[in-house]
Amino acid sequence: MHGSKLYEGQKLALKYFTVAIVLFGAQLLFGLFAAIQFLYPDFLFGVLDFSINRMVHINALVVWLLYAMIGAVYWLLPDEAGREVVGVKLGELAFYVLTAAVAVVVLVYLFVQIGPGKESTIWFITEGREYIEAPRWADIGIVVVVLIFLYNVYATVMKGRRTGILTVLMADLIALAGLYLTGMFYTDNIAVDQYWWWWVIHLWVEATWEVYVAAVGGYILIKTLNANRKVVEMWLWIEVAMMFGSGILGLGHHYFWIGTPEYWWEIGALFSALEPVPLVGLFVHVLYDWGKETGKGNKITNVPAFSWLTVETFGNFLGAGVWGFMHTLPQINLYTHGTQWPAAHGHLAFFGAYVAIMISAIYLAIQGKAGLKELKMTKAGWWAISLITVGVLLMTVSLTISAYVQTMVERGMHGATWEGFFAAQNNEWFWQGICWRLVTGVMVVVGYGFLVYDLLTCTKKQPVKENEAEVAAAAA
């Protein structure tokens, strides 16, 4: 913001955030459909099968997070660089092109679904590769949009102020764009194909996204707590350094059983659990410094953003760290691979590491759009953060219970046989976990409703005495 007005880049960020929240709702809806189908297989059978619901559920998650990530960069970029975003009109065009492409891809997923085993299916319907099922034309479109985004970021920083946060983001965004290319070619050997496929899935999520989150989280701490920039940027460089040891080499835990050499067992087991450490260190260090300064007039200027950032910090540690390490050792993964363990880990890790911080960034933008110096938490906001967070935590526990049954009964007692598979599927505790997963999913959906309501109304429900001057100035 410059004065009381938003930069054009920040107005573009609000558009990205709007689409992100809509796609977040789509992710939850199709996830709920899939959870129902686990219990009632005939539900929407032949219309939206489980495979389609699961695909849209996961793809919607990835795409809405990308929208929110791009939006967060467009929000902080002019503020950090001290100038308007270069090429903002080009960025606007890219936004509309990307949104139209996403809409077409989703319609194809829902109404066409599958195609013949020909090259045309790969180009126009789906590539059929798990998590990155988008057809080839959409892949190319995504690359073009990201290149425009990169140009806007680099051109803006080169003509403006370059902070440590922007320096880390500039390097990270190059890796974010480049790694997507590794998922755009095929080989005849499935082991080699999987080897490169994981470069997108893992190195996006557990390397470049982690560094991105640290940069955006540092910016949010500066804005909400007036955190010491030197401390924030120090931890950012620690995050970059640890990414090379944990995020990149942690890729090895995906190489246990796809035909790669056995040395990946030790590499993957050793490094993959270290990824959340710098983020927790950044948050704790900044919070400690802020606590020492509270007597000097320091206060939280955006309670919802800070609350969601707190959820992100410890949710990341639990989901990516604790639940990830539970089944990342090859001696354990031999029994847990292909069970509900990865689902339990994935739900809490994605929520803790990425979903929570993107919601935090959106609240920061809501405050900036309204021109408020402070943003307090409303009742709807508390309901949203409580229902969504508790819902995801209980969902993780429910899936973990089901995973234990599969690990002990199917793998341990019956040696991964068909007999063991059906024995685990029919086990009472397995189905109890699956039932509770549906209940907790409903909790999250209700929490999402509170979240949308709060995002639309929270600036209108702030204490009048504290904010009436800012509201009047913004209205003028």
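Residues numbered from 1 in each chain as written. Predicted model: local features only at pLDDT ≥ 70, side-chain atom pairs only at ≥ 80, totals over all residues. Heavy atoms only, no water.

The helix and strand inventory of the protein chain stands at 17 helices and 0 strands. For 476 residues, the compact-globule estimate of 2.2 N^0.38 gives 23 Å, and the C-alpha radius of gyration of the protein chain, at 22 Å, lies within 12% of that figure. In terms of its C-alpha atoms, the protein chain occupies a principal-axis envelope of roughly 70 × 45 × 45 Å. When burial is assessed residue by residue, the protein chain has 56% of its 476 residues classed as buried. Within the protein chain, residue pairs in contact and separated by at least 24 positions form 81% of the contacts whose partners lie at least 6 positions apart. (Helix = DSSP H or I, 4+ residues; strand = E, 2+ residues; numbered from the N terminus. Rg over C-alpha atoms; globule rule 2.2 N^0.38 Å. Buried < 20%, exposed > 50% of the residue type's maximum accessible area, 1.4 Å probe, protein only. Contact = heavy atoms within 4.5 Å.)

For the rest of this paragraph, the subject is the packing of helix α13 (residues 341-370) against helix α16 (residues 428-457). Running from N to C, α13 and α16 cross one another at 20 degrees; their axes reach a closest spacing of 10 Å. With respect to each other, α13 and α16 are oriented roughly parallel. Pair α13 / α16 crosses with left-handed handedness. Residue-level contacts link I359, I362, Y363 and I366 of α13 to L451, D454 and L455 of α16. Residue composition of the contact of α13 with α16, by class: 6 nonpolar, no polar and 1 charged. (Axes fitted to C-alpha atoms, helices over the stretch in contact; angles between N-to-C directions. Parallel < 35°, antiparallel > 145°, perpendicular 65-115°, else oblique. Left-handed = near helix turned anticlockwise from the far one by under 90°. Nonpolar A, V, L, I, M, F, W, Y, C, P; charged D, E, K, R; others polar.)

Here we take up the packing of aromatic side chains. Working definition: an aromatic ring pair is given by the centre-to-centre distance plus the angle between the planes. A full pass over the atoms with the stated rule returns 33 aromatic pairs. Arranged with centres 6.5 Å apart and planes meeting at 40 degrees, the rings of Y195 and W199 form a pair that is tilted. Pair noted here: Y195 and W199 are both in helix α7 (residues 190-225), with a separation of 4 residues, about one helical turn. When its relative accessible area of 25% is taken as the criterion, W199 is described as partly exposed. Ring pairing ties together the aromatic residues Y16, Y67, Y74, F95, Y96 and F149, which thus form one cluster. Geometry around W123 places R136 over its ring, the cationic atom sitting 5.9 Å from the centre. Lying over the aromatic face of F38, R437 brings its terminal NZ or CZ to 4.8 Å of the ring centre. (Phe/Tyr/Trp six-rings, centres within 6.5 Å; stacked < 30°, edge-to-face > 60°. Lys NZ or Arg CZ within 6 Å of the ring centre and 35° of its normal.)

Here the focus is the nonpolar core. Generally speaking, soluble globular proteins have nonpolar side chains that are buried together. Residues W64, W204 and W209 are the most contacted members of the largest nonpolar core, which totals 121 residues. No other element matches α7, which puts 20 residues into this core. The residues contacting W209, other than those within four sequence positions of it, are V62, L65, L66, M69, L176, W204, F350 and Y354. With 11 residues, the next largest nonpolar core counts F30, I52, Y109 and A134 among its residues. (Core = buried A, V, L, I, M, F, W, Y, C linked by side-chain atoms within 4.5 Å.)

Right, let's get into a nonpolar patch on the surface. Together, F317, L318, V322, M326 and L393 make up a nonpolar patch on the protein surface, roughly 350 Å² of accessible area in all. The greatest single-element share of the nonpolar patch, amounting to 4 residues, is contributed by helix α11 (residues 303-326). Inspection of the secondary structure puts F317 in helix α11. With a relative accessible area of 40%, F317 lands in the partly exposed category. (Patch = residues over 30% accessible without salt bridge, like charges linked within 9 Å, V, L, I, M, F, W, Y side chains within 5 Å. Areas by Shrake-Rupley, 256 points an atom, 1.4 Å probe, with all protein chains shown as cover. Salt bridge = Lys/Arg side-chain N within 4 Å of Asp/Glu carboxyl O.)

The next subject is the pattern of salt bridges. Applying the stated criterion to the full structure yields 11 salt bridges. Linking E374 and K376 is a salt bridge whose minimum nitrogen-to-oxygen distance equals 3.1 Å. Classification of E374 as buried rests on a relative accessible area of 11%. With relative accessibility at 27%, the residue K376 sits in the partly exposed group. Via salt bridges that share partners, E80, R229 and E233 belong to a single interconnected network.

At L44, a residue that is not glycine, the phi angle is positive and equals roughly 60 degrees. With respect to the element layout, L44 can be found in the loop between α1 (8-39) and α2 (50-81). Relative accessible area serves as the criterion here: at 27%, L44 is assigned to the partly exposed category. Phi is positive for A416, close to 60 degrees, though the residue is something other than glycine.

Further remarks concern the side chain of N152. By secondary structure assignment, the location of N152 is in helix α5 (residues 136-159). At 2.8 Å, the side chain of N152 forms a polar contact with the side chain of Y74. Once you skip the residues sitting within four places of it in the chain, N152 turns out to touch Y74, L77, V85, V86, G87 and G91. (Polar contact = N/O pair within 3.5 Å; in protein donor to acceptor, adjacent residues only side chain to side chain.)

What follows covers the packing of α1 against helix α3 (residues 88-111). Between α1 and α3, the shortest axis-to-axis distance is 10 Å and the interhelical angle comes to 10 degrees. The angle between α1 and α3 falls in the class roughly parallel. The crossing of α1 and α3 is left-handed. Within the contact between the two elements, α1 uses E8, G9, L12, K15, Y16, V19, L23 and F30 and α3 uses V88, G91, E92, A94, F95, Y96, L98, T99, V102 and L110. The class makeup of the residues in the contact of α1 with α3 is 12 nonpolar, 3 polar and 3 charged.

By themselves, these figures tell us nothing about what the structure is for.
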